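# A structural walkthrough
The lines below spell out each chain.
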Protein chains: 2
Amino acid sequence: MSAITVSRVLRTPELVSEPVRLRVMEAVARLGYVPDPAARVLASAKSDVLGILIPSVTNSVFADVLRGIYERVEGSPFHVQLGNTRYSILEEERLLGVFSRQRPAGLIVTGLDQSARSVALLRQVDCPIVQIMEIGDEPIDMMVGFSHRDAGRAATRHLRDRGYRRIAFLGARMDPRTRRRLEGYGEVMKEAGLFDERLIVTTQRASTVTLGCELLSELLSRTLEVDAVFCNNDDLAIGVLFECQRRRISVPDDFGICGFNDLEMMAVANPPLTSVRTNRLEMGRKAIELLIARIAGEPIGAPVVDLGFEVVARRSTAGPLARDARPST
Amino acid sequence: MSAITVSRVLRTPELVSEPVRLRVMEAVARLGYVPDPAARVLASAKSDVLGILIPSVTNSVFADVLRGIYERVEGSPFHVQLGNTRYSILEEERLLGVFSRQRPAGLIVTGLDQSARSVALLRQVDCPIVQIMEIGDEPIDMMVGFSHRDAGRAATRHLRDRGYRRIAFLGARMDPRTRRRLEGYGEVMKEAGLFDERLIVTTQRASTVTLGCELLSELLSRTLEVDAVFCNNDDLAIGVLFECQRRRISVPDDFGICGFNDLEMMAVANPPLTSVRTNRLEMGRKAIELLIARIAGEPIGAPVVDLGFEVVARRSTAGPLARDARPST
DNA sequence: TTGACGAATGATAGCGCTAACACTTAAAAC
DNA sequence: GTTTTAAGTGTTAGCGCTATCATTCGTCAA
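Residues numbered from 1 in each chain as written. Chains lettered and ligands numbered in written order. Predicted model: local features only at pLDDT ≥ 70, side-chain atom pairs only at ≥ 80, totals over all residues. Heavy atoms only, no water.

Around DNA strand C lies a shell of 23 residues, among which A:Ser7, A:Tyr33, B:Thr5, B:Ser17 and B:Val20 are the nearest. Sugar and phosphate atoms represent 67% of those atoms of DNA strand C found within 4 Å of the protein. In this structure, a base nitrogen belonging to DNA strand C sits 3.5 Å away from a main-chain N or O atom of A:Ala39. In the environment of DNA strand C, a phosphate oxygen lies 2.8 Å from a nitrogen or oxygen atom belonging to the side chain of B:Ser17. Elements supplying a minimum of two residues to the surface near DNA strand C: α1 (3-11) and α3 (37-44) of chain A together with α1 (3-11) and α3 (37-44) of chain B. At five residues, α3(A) tops the list of elements feeding residues into the surface near DNA strand C. Split into classes, the residues belonging to the surface near DNA strand C amount to 13 nonpolar, five polar and five charged. (Near = heavy atom within 4 Å. Polar contact = N/O pair within 3.5 Å; in protein donor to acceptor, adjacent residues only side chain to side chain. Helix = DSSP H or I, 4+ residues; strand = E, 2+ residues; numbered from the N terminus. Nonpolar A, V, L, I, M, F, W, Y, C, P; charged D, E, K, R; others polar.)

In structure tokens form, the structure reads like this:
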């Protein structure tokens, strides 16, 4: 029996007759034979690696996306290779270089703001590519995400509709997506004639609960005329809530709080915190589904998938006039 | 100029004369040549892959360890290949099989409780191995972690020393490390003559803040005689705090709360929550340092590194008698 | 002068697999 | 009965590197 027959049994068993196939499979099982992936890649010029580039491994948003990714890769013949760009465009370029040499079967990159060199590299690489987290008009190949600008608009409108007027924006780790949320906030505030630069407090530091406390303190030291805050993510919102508790600021009566991402803890805080639900798990799943479909040559629908978002209204934004009307829990 | 000379310039430049070396390097830069990693692995029978097996990518504990890992791998010639075992011993076996075929340069696995087959595989693999998170007496190769049993003992002793008597244990996702913390708790409680089975509430569900609320409710429905709780991690502790706020249970006066891992939010909660600080970042860093040192053939110190832990006492465990004596913040 | 030696470079083979094509056999079509 | 076709299996070559050994050349000791 020749080597190529074994190779065929392992890769395309339907091309091998049943008796031969069974004998080979028996021998493979008995000897514990497993093909050498390096030799495979070298001979076939394709690997089974799906390269994933994300800016952070500790941010729970990406952790959820990753979980969706692993969930769908599971059971497929592919493997995940993770690259951590740490929010650096140069590191992203470097990692793309490393990944592209490995002839990946597919690539996932975060966001729309790759450097020109990264984009050039991505256009050369001969594999499907999904940009995740955001959507835009010019996908390199495919996209799965939602509009952060629209989400920022929706959250701000929600606070405005609930009767808040002096609505602040707290932002940490101002990456492109955070900036677009801020953009949406600014638009709505201007449209409502409520815009005031002093209401915007941002920092490049990474988002933490502690930072939420600090940013609220910074905000309150600038102006006492604030009656709500849109936090660019939930860590900050929890920090703001803790700080309000300490300062005996009543939420939502005197102060509304809206977070972003709707982490599970938002629903059980006191009061429960309003947030913008994003489909992070689904984002990871869908990205892998698109990659695998394209690798298999199957047709995909639209190359840009909008997973949307949803403002989940909870008591923390019941409104400044809600003191008497609000539910007991 | 022959191919082997180029290969030498790239791998062992000190063996090539300066003029030749410079010419080759110039050409490499000009042509943008980069060697094919698959061919390299095939020819040299060694890869630059460090395989990492962790049970979860969403658990922030492992996210921190990962960050330490990426930090140290950065700048080295190695790459991280991440495997997610999802707390399944079988999945761990499978992934070890996949990894070992890639002739990894090093391996990191989580915990001490690998299956017999996994251990056999690990002993066969020709690369350094680090077991992380825990320490024990029989390392497969090397270990970096701390004693969860001792940490459980320390936290329970702390609650006891602060004057709490009816100290409960809340545990989620009862993995081997959680069980050893429970073991430590049980020992101290028995030594103090305080042990009561009804005070132990555990579940296999993954740990969340919401689950902390639920487990506390479950506990209080069993017995009202509880004056403190040791949560097997910080998510639960935060949930317990929120639930106490809702039930108007005064922390720490009527109820003490101690978490585990000391996530950053613990320090800014109301009241600040006591927790057991663990060196997660350092765990990742140290594991990679050990691997790289061994790959380079450098001597390492002891093969088992105890990174320890520390009970960080905050107001949430000031004690039932502290009502008058406690600080104002 | 000669041989030994080390430094620098090259020639050869092969890592373990798969692509591409070649061949064999039996069934189907003419 | 011959040709065509398809299914099943084998042969050959080569993927892009590096291990190993061979060669060249200059230097130095005997």
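Here the focus is the relation of the copies chain A and chain B. Least-squares fitting of chain A to chain B yields an RMSD of 0.2 Å, with the superposition described by an axial translation of 0.1 Å and a rotation of 180°. A rotation of that kind, with that shift, is consistent with a two-fold axis. Distance from the rotation axis, computed per C-alpha, reaches its smallest value in chain A at A:Ala38: 2.3 Å. (Least-squares fit on C-alpha atoms with pLDDT ≥ 70 in both.)

This brings us to a nonpolar patch on the surface. Judged by side-chain polarity, A:Leu10, A:Leu31 and A:Tyr33 come together as a nonpolar surface patch covering roughly 300 Å² of accessible area. Take A:Leu10: its relative accessible area is 34%, and that puts it in the partly exposed class. (Patch = residues over 30% accessible without salt bridge, like charges linked within 9 Å, V, L, I, M, F, W, Y side chains within 5 Å. Areas by Shrake-Rupley, 256 points an atom, 1.4 Å probe, with all protein chains shown as cover. Salt bridge = Lys/Arg side-chain N within 4 Å of Asp/Glu carboxyl O. Buried < 20%, exposed > 50% of the residue type's maximum accessible area, 1.4 Å probe, protein only.)

Before going further, it helps to spend a moment on the interface of chain A and chain B. Contact residues are listed per partner, giving 41 residues for chain A and 39 residues for chain B. Interface area for chain A against chain B, summed over the two sides, is near 3700 Å², with a carbon-plus-sulfur share of 58%. One can count four salt bridges joining chain A with chain B. The closest approach of N and O atoms between B:Arg86 and A:Glu74, which form a salt bridge, is 3.1 Å. (Contact = heavy atoms within 4.5 Å. Buried area = accessible area lost by both parts, 1.4 Å probe.)

With that out of the way, let us pick up the packing of aromatic side chains. Residue and element names in this part refer to chain A. Taken as a whole, this structure holds eleven aromatic pairs over all chains when the rule is applied. Centre to centre, the rings of Phe146 and Phe260 are 6.3 Å apart; their planes meet at 25°, and the pair counts as stacked. Within this pair, whereas Phe146 is found in strand β5 (residues 142-146), its partner Phe260 is found in the loop between β9 (256-258) and β10 (275-278), the two being separated by 114 residues in sequence. For the residue pair Phe146 and Phe260, the accessibility class agrees, reading buried in each case. (Phe/Tyr/Trp six-rings, centres within 6.5 Å; stacked < 30°, edge-to-face > 60°.)

On to the sheet that holds strand β9 (residues 256-258) of chain B, then. All names here are of chain B. An order of β7-β6-β8-β9 is seen for the four strands of this open sheet, with the pairing classed as parallel. The sheet is open, and its two edges are formed by β7 (200-202) and β9, each paired on a single side. Each strand axis lies, on average, 15° off the axis of its neighbour in the sheet, ignoring direction. With three bridges connecting them, strand β8 (residues 228-231) and β9 associate as parallel partners. (Pairing = 2+ DSSP bridges. Axes fitted to C-alpha atoms, helices over the stretch in contact; angles between N-to-C directions.)

Residues and elements named next belong to chain B. Structurally, the position occupied by Arg314 is in the segment after β12 (309-312). You can call Arg314 buried: its relative accessible area is 18%. A distance of 3.0 Å separates the side chain of Arg314 from the side chain of Asp262, its partner in a polar contact. Those residues in contact with Arg314 that lie beyond four places of it in its chain are Asp262, Met266, Ala267, Pro272, Leu273, Thr274 and Ser275.

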